[in-house]
Amino acid sequence: MRLGKTGLWTAPGMWEPGSAEHREAAAELEDLGYGTLWLGNTTGDLAEVSALLDATRRLVVGSSIVNVWLNDSATLAAAYRQAAGAHPGRVVVGLGSSHAPLVEGAGQDYRKPYSKLRSYLDELAATEPPVPGEDQMLAALGPRTLALAGERTAGALPYLTTPEHTAQAREILGDGPLLAPEQKVVLETDPVRAREIARETLAMYMSLPNYVNNWRRLGFTEHDVADRGSDRFVDALVAWGDVDTVLARVREHRAAGADHVALQVLTGSPGLPLAEWRELAPAVRES
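Residues numbered from 1 in each chain as written. Predicted model: local features only at pLDDT ≥ 70, side-chain atom pairs only at ≥ 80, totals over all residues. Heavy atoms only, no water.

### Concerning the overall build of the protein chain
Put simply, the rule reads: Put simply, DSSP marks the helices as runs of H or I at least four residues long and the strands as runs of E at least two long, and each gets a number from the N terminus on. Radius of gyration means the value over C-alpha atoms here, while the globule rule gives 2.2 Å times the residue count to the 0.38 power. In what follows, a contact means two residues having at least one pair of non-hydrogen atoms within 4.5 Å. Here the Shrake-Rupley method, with its probe set to 1.4 Å, supplies the accessible areas, and only the displayed protein chains count as covering residues. Within this scheme the basic residues Lys and Arg register as positive and the acidic residues Asp and Glu register as negative, but His and the chain ends are omitted. Positions of charges follow a simple convention, taking NZ of Lys, CZ of Arg, CG of Asp or CD of Glu.
Check the secondary structure of the protein chain and you find twelve helices and ten strands. For 287 residues, the compact-globule formula gives about 19 Å, and the C-alpha radius of gyration of the protein chain, at 18 Å, lands near that figure. In terms of its C-alpha atoms, the protein chain occupies a principal-axis envelope of roughly 55 × 40 × 40 Å. In the protein chain, of all internal contacts separated by at least 6 residues, the share reaching a separation of at least 24 is 70%. Surface summary for the protein chain: the accessible area is close to 12100 Å², and the carbon and sulfur share equals 49%. Once the 27 positive and 38 negative side-chain charges of the protein chain are each reduced to a mean point, those two points are 4 Å apart.

In structure tokens form, the structure reads like this:
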């Protein structure tokens, strides 16, 4: 599988591909054994994806995700063809319908997101040449979008979920399509500090209905998702502790049916978490 068993998910704005230091960091990731680098909130011109492909030799780079409301499909298709032509087999176009507050805040009318996603896939298939389904994946949480991911693309990229969701997603997808959940990680053994770091990141997502609805489907209560989130909620979404604790969570996802797990390392500080990526690498490489 070209994604590799373990990848890294990085937040928007984390990379400065024009920076020599960041280009060297990207090259180091493939030497450390990570299969794929996922870039959050990617623009349809795939400029950041292309720059990081240029900086590496083998690493697969994926968008996670291109917002289908805010990015023209023709621009994305042209950018994909250029990137894939220069780096065959190393580009994954992750697509998603995002969230009503974000889309409407950008001046778009967020109606029928599932239909919008389907029509966007149709547009990519109608370009000449078409963007191949095997180079696309969908950000998917609910049953209909998960099924669509399996029918029309290489598979699904669930975000902010649990191993229980991974098991449900695998049942919906069946045996063939790829399943690549994102998993947040804090390498900190002090529970107070670890949960503080986790909550700093989770706060921005707790006002987005798509995530809240999915957490409710997973059994979390109003209390769990209120305010800054219960400890039960935080611990379920963010694997914190030492490397072995993180690795145990990765194994839970794999046992539940994940083909690939994308680790998002949280530190509470800006910049690339190179020290943590290096610390995790031997364990995930051998697992």
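### So, the layout of surface pockets
To be explicit about the condition: Any residue with an atom within 4 Å of a point lines the site, the site being either a cavity, points on a 1 Å grid over the protein atoms alone where a 1.4 Å probe fits but cannot get out, or a pocket, an open set with protein on both sides within 12 Å along at least 5 of 7 lines. Grid points are joined across faces, edges and corners, and a volume is the space filled by probe spheres set on the points. Under this grouping Gly is polar, as are all residues other than the nonpolar Ala, Val, Leu, Ile, Met, Phe, Trp, Tyr, Cys and Pro and the charged Asp, Glu, Lys and Arg.
Computed from the structure, the largest pocket encloses a volume of approximately 930 Å³. Lining the largest pocket are 39 residues, with S98, H99, A139, N210 and Y211 sitting closest to its centre. For the lining of the largest pocket, the elements supplying multiple residues, two or more each, are β2 (36-42), β3 (60-67), α5 (113-126), α6 (143-152) and α9 (209-217). When residues of the lining of the largest pocket are assigned to their parent elements, the largest contribution, four residues, is made by α9. Looking at the lining of the largest pocket residue by residue, the class counts come to 23 nonpolar, twelve polar and four charged. Here the second largest pocket defines a volume of roughly 390 Å³. If you trace the second largest pocket, you find 23 residues lining it, with A11, M14, S269, P270 and G271 closest to the centre. For the lining of the second largest pocket, the secondary-structure elements that each account for two or more residues are β1 (6-10), α8 (191-202) and β10 (261-265). The element best represented in the lining of the second largest pocket is α8, accounting for three residues.

### Looking at the packing of α5 against α6
Threshold: Every angle, taken between N-to-C directions, lies between 0 and 180 degrees, and every axis is a line fitted to C-alpha atoms, over only the stretch in contact when it is a helix. In what follows, roughly perpendicular refers to angles from 65 to 115 degrees, roughly parallel to angles under 35, roughly antiparallel to angles over 145, and oblique to any angle outside these ranges.
At their nearest, the axes of α5 and α6 sit 11 Å apart, and the two run at 10° to each other. Comparing the axis directions of α5 and α6 gives the class roughly parallel. For the pair α5 and α6, contact is made by Y114, L117, R118, L121 and D122 and by R144, T145, L148, E151 and R152, respectively. Here the residues of the contact of α5 with α6 are counted per class, giving four nonpolar, one polar and five charged.

### Side note on the pattern of salt bridges
Applicable threshold: Any Lys or Arg side-chain nitrogen located within 4 Å of an Asp or Glu carboxyl oxygen qualifies as a salt bridge. Partly exposed describes any residue whose relative accessible area lies between the buried limit of under 20% and the exposed limit of over 50%, with all areas from a 1.4 Å probe on protein chains only and scaled to the type maximum.
On inspection of all chains with the given rule, the structure shows 15 salt bridges. The partner of E30 in a salt bridge is R57, and the shortest N-O contact between them spans 3.5 Å. Taken together, the residues E30 in helix α1 (residues 20-32) and R57 in the loop between α2 (47-54) and β3 connect sequence positions 27 residues apart. Residue class for E30 comes out buried when judged on its relative accessible area of 6%. In this structure, D109 engages R111 in a salt bridge whose closest nitrogen and oxygen atoms are separated by 2.9 Å. Residues participating in the shared-partner salt-bridge network are E30, D31, R57 and R58.

### Description of unusual backbone geometry
In this structure, I65 follows S64 across a cis peptide bond, with omega equal to 10°. Inspection of the secondary structure assignment puts I65 in strand β3. Cis geometry marks the peptide bond from E128 to P129, where omega comes out at -5°. Summarising the element assignment, P129 is placed in the loop between α5 and β5 (136-138). Even without being a glycine, S98 presents a positive backbone phi close to 60°. Position of S98 relative to the elements: it lies in the loop between β4 (91-96) and α4 (100-105).

### Some thoughts on the pairing of β1
Rules: Here, a strand pair is defined by DSSP locating no fewer than two bridges between the strands.
Of all five residues in β1, five are buried; the element is thus mostly enclosed. Burial along β1 is two-sided: T6, L8 and T10 facing one way and G7 and W9 facing the other are all buried. As paired strands, β1 and β10 are joined by three bridges and run parallel to one another. Across the sheet, T6 pairs through a bridge with V261, a residue of β10.

### Some remarks on the side chain of H87
Mapped onto the elements, H87 comes out in the loop between α3 (73-86) and β4. With near-sequence residues (within four places) excluded, H87 lies in contact with S50, L53 and D54.

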